[in-house]
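# Examining the three-dimensional arrangement
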Amino acid sequence: MVATFTVGDVVITKITELESVGDTELMLPEATPHAVQQVSWLRPDYATDDGLLRTSIHAFALATPTRRIIADTGLGNDKQGRPVPAWNGMGGTFLEDLAAAGFPPETIDTVLCTHLHVDHAGWDTQLVQGKWVPTFPNARHLFVRAEFEHAEGAAGHGAAELFADSVAPIVEAGLVDLVAADEQVSPEVKLVPTPGHTPGHTSILIESRGERALITGDFIHHPVQLARPDWVSGGDHDPARAVATRRSMLSEIARTRTLLVGTHFAGPTIGHVVPDGDGSYRLEEPDAGTDPVPQPGPS
Ligand SMILES: [Zn+2]
């Protein structure tokens, strides 16, 4: 599935690799069906009537006036040693879908990974004649230095396998730039540090013509965490820091009416964060084309 959103002069295209229902015990252990059913606004887009969460793995292709960027690269085909059985030996049409949406891989000039987990950097490489080669051979791959150094020694959840088959070949090809967690990527695109899920985790801020949008990465996995910001992921490196990051980001996003663009949000995927009492929030769909997105005020 392909969907397009516009933020000023930047066009964001969502390329879906895999959508799922349920099986979120590792992602959000507290999200039992009963607990999810209490958050009624999640239905039908983000949860089923039975209280199962809908999730998605997708990439965002960004066309700016000067750059062609892919933000997170999903699982990839033919990978092995992944923590979820369905993620091994994938044979999906992601690259064909990306090209059909106007982004043949060789036209991408910048690859961003919010963090180096198996569902965010998989398509950095593809298997060609038994060898892992860069999928985006003409792109600089911007890895946050702290994230790269963490990933280099990580194990479990497929981390060592990811580094070997999807990160090391990019390094060997000379396509990596290690950058700061607040790197300005282009005039409209900037990294924002959002640590907790991983040490060097970043989100991606898009600002153009007074409009703002934030690609989350995994500082939030599912819209249910707007209502329950304290629900942590089983994959969080530092759960307490992840909660602190999520709370401060949601507050800032609501205050500045920044469009939230969810990295694992199924269906509509984007929305505005609206306070909903007691430090919780809900996601409101933007009005097509007419929604004012004011400049951020003083903090
Ligand atoms: Zn993820």
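### A word on the overall build of the protein
Across its full length, the protein carries 6 helices and 16 strands. The C-alpha atoms of the protein give 18 Å as radius of gyration, which agrees with the globular expectation for 299 residues (19 Å, within 12%). Each of the 299 residues in the protein was classed as buried or not, and the buried ones make up 53%. Expressed as a percentage of contacts within the protein between residues at least 6 apart in sequence, the contacts between residues at least 24 apart total 68%. Of the roughly 12100 Å² of accessible surface on the protein, 52% is carried by carbon and sulfur atoms. Taking the average place of the 20 positive charges on the side chains of the protein and the average place of its 40 negative ones, the gap between the two points comes to 4 Å.

### Here we look at helix α4 (residues 159–172)
For α4, which comprises 14 residues, the first-to-last C-alpha distance of 18 Å matches the rise-based estimate of 20 Å (1.5 Å per residue) to within 8%. For α4, the principal kink sits at Ser 166 and spans about 30°; a proline, Pro 169, occurs within the next four residues. Burial in α4 covers these residues: Ala 159, Leu 162, Phe 163, Asp 165, Ser 166, Val 167, Ala 168, Pro 169 and Ile 170. Against the buried residues of α4 lie β6 (125–128), β7 (131–134), β8 (140–144), α3 (145–153) and β9 (176–179). Where α4 terminates, the next one or two residues include Gly 174, which has phi positive at roughly 75°.

### Remarks on the pattern of salt bridges
Under the defined criterion, the tally for this structure stands at 11 salt bridges. The shortest N-O distance in the salt bridge between Asp 49 and Arg 43 comes to 3.9 Å. Residue Asp 49 is classed as exposed on the basis of its relative accessible area, which comes to 62%. Accessibility expressed as a relative area gives 30% for Arg 43, which makes it partly exposed. Two residues, Arg 212 and Glu 207, come together in a salt bridge whose shortest N-O distance is 3.0 Å. Through salt bridges with shared partners, one network takes in Lys 79, Arg 82 and Asp 165.

### Some words on the nonpolar core
The biggest cluster of nonpolar side chains holds 31 residues, and the ones touching the most others in it are Ile 70, Phe 94, Leu 98 and Leu 116. Secondary structure elements with two or more residues in this core: β3 (54–63), α2 (94–100), α3 and α4. The greatest single-element share of this core, amounting to 5 residues, is contributed by α4. Residues contacting Ile 70, with those up to four places away along its chain left out, are Ala 59, Phe 60, Ala 61, Phe 94, Leu 98, Ile 108, Thr 110, Val 111, Leu 112 and Phe 136. In terms of nonpolar packing, the next biggest core, distinct from the first, is built from 28 residues, Leu 53, Ala 227, Leu 250 and Val 273 among them.

### Comments concerning unusual backbone geometry
The step from Arg 43 to Pro 44 runs through a cis peptide bond, and the omega angle for that step is 5°. With respect to the element layout, Pro 44 can be found in the loop between α1 (33–37) and β3. Even without being glycine, Asp 78 reaches a positive phi, approximately 70°. Tracing the backbone shows Asp 78 in the loop between β4 (68–71) and α2. For Thr 269, which is not glycine, the phi torsion reads 75° and is therefore positive. Here Thr 269 lies in the loop between β14 (259–261) and β15 (270–275).

Conventions adopted
Note that residues are indexed from 1 along each chain, following the sequence as it is written. The predicted nature of this model means local features are confined to residues of pLDDT at least 70 and side-chain atom pairs, given and counted, to a pLDDT of 80 or more, with totals for whole chains, interfaces and linings taken over all residues. For side-chain calculations, the full set of non-hydrogen atoms in the structure is used, while hydrogens and water are omitted. Counting from the N terminus, the helices are the DSSP runs of H or I reaching at least four residues and the strands are the DSSP runs of E reaching at least two. The globule rule used here is 2.2 Å times the number of residues to the 0.38 power, and the radius of gyration it is set against is calculated over C-alpha atoms. Any residue under 20% of the maximum accessible area for its type is buried, any over 50% is exposed, and the rest in between are partly exposed; the area is computed with a 1.4 Å probe on protein chains only. Note on definitions: a residue-residue contact is assigned when non-hydrogen atoms from the two residues lie within 4.5 Å. In this description, accessible areas are obtained by the Shrake-Rupley approach with a 1.4 Å probe, and a residue is regarded as covered only by the protein chains that are shown. A residue counts as positive if it is Lys or Arg and as negative if it is Asp or Glu; His and the chain ends are not included. A single reference atom marks each charge: NZ on Lys, CZ on Arg, CG on Asp, CD on Glu. By this rule the span expected of a helix is its residue count minus one, scaled by 1.5 Å. We define the bend at any residue as the angle between the axes fitted to the seven residues before and including it, ending there, and the seven starting there. By definition, a salt bridge exists where a carboxyl oxygen of Asp or Glu is found within 4 Å of a side-chain nitrogen of Lys or Arg. By convention a nonpolar core is built from buried Ala, Val, Leu, Ile, Met, Phe, Trp, Tyr and Cys residues, the set being connected through side-chain atoms within 4.5 Å.

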